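# Residue-level structure breakdown
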Amino acid sequence: MLENNMRPAEALRAAQNTLRADTHWRSPHYWAAFTLQGEYEQTLRIPPSKPSQHAPATVQNAVGLALLLMLLCGIGWGYLRRRGPRAVA
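The structure presented is a predicted model; accordingly, all values stated were derived computationally and were not measured.

### Some thoughts on helix α3 (residues 57–83)
- Taking 1.5 Å as the rise per residue, α3 with 27 residues should run 39 Å; its terminal C-alpha atoms sit 39 Å apart, in good agreement.
- Within α3, only 0 of the 27 residues are buried, which leaves the element largely exposed.
- Where α3 terminates, the next one or two residues include G84, which has phi positive at roughly 80°.

Structural data, given as structure tokens:
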């Protein structure tokens, strides 16, 4: 629908016709239940994409790795504290 600049009603009709063309899907049982809700004459267009405002992937990866390392260090530190000091034999 968006690629061909079709209105929703046209896109639904084209999809139904495509299903009806195949002998396996020809029965109305497969295609007649689909209905259109909302504005049927409005043409939808994909807005032009804007440059991403997010941080580059390398920065995100570095921050994620740092957080993971801090989490693992915290888990290890808590484990060592819970074990207590070892007795020297």
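### Looking at helix α1 (residues 8–21)
- Here α1 is 14 residues long and its end C-alpha atoms lie 20 Å apart, about the 20 Å a rise of 1.5 Å per residue gives.
- Turning to α1, its buried residues are P8, A11 and Q16. End-on, the buried residues of α1 take up no more than an arc of 135°, which puts them together on one face.
- Each element contacted by the buried residues of α1 is listed here: α2 (28–31).

### As for the confidence of the model for the protein chain
- Looking at the protein chain, the pLDDT average stands at 82 and 87% of residues meet or exceed 70.
- Here α2 is the element of the protein chain with the lowest mean pLDDT, 86, and α3 is the one with the highest, 90.

Reading the values: the criteria
Residues numbered from 1 in each chain as written. Predicted model: local features only at pLDDT ≥ 70, side-chain atom pairs only at ≥ 80, totals over all residues. Heavy atoms only, no water. Helix = DSSP H or I, 4+ residues; strand = E, 2+ residues; numbered from the N terminus. Expected span 1.5 Å × (residues − 1). Buried < 20%, exposed > 50% of the residue type's maximum accessible area, 1.4 Å probe, protein only. Arc of directions from axis to C-beta. Contact = heavy atoms within 4.5 Å. pLDDT = per-residue confidence, 0-100.

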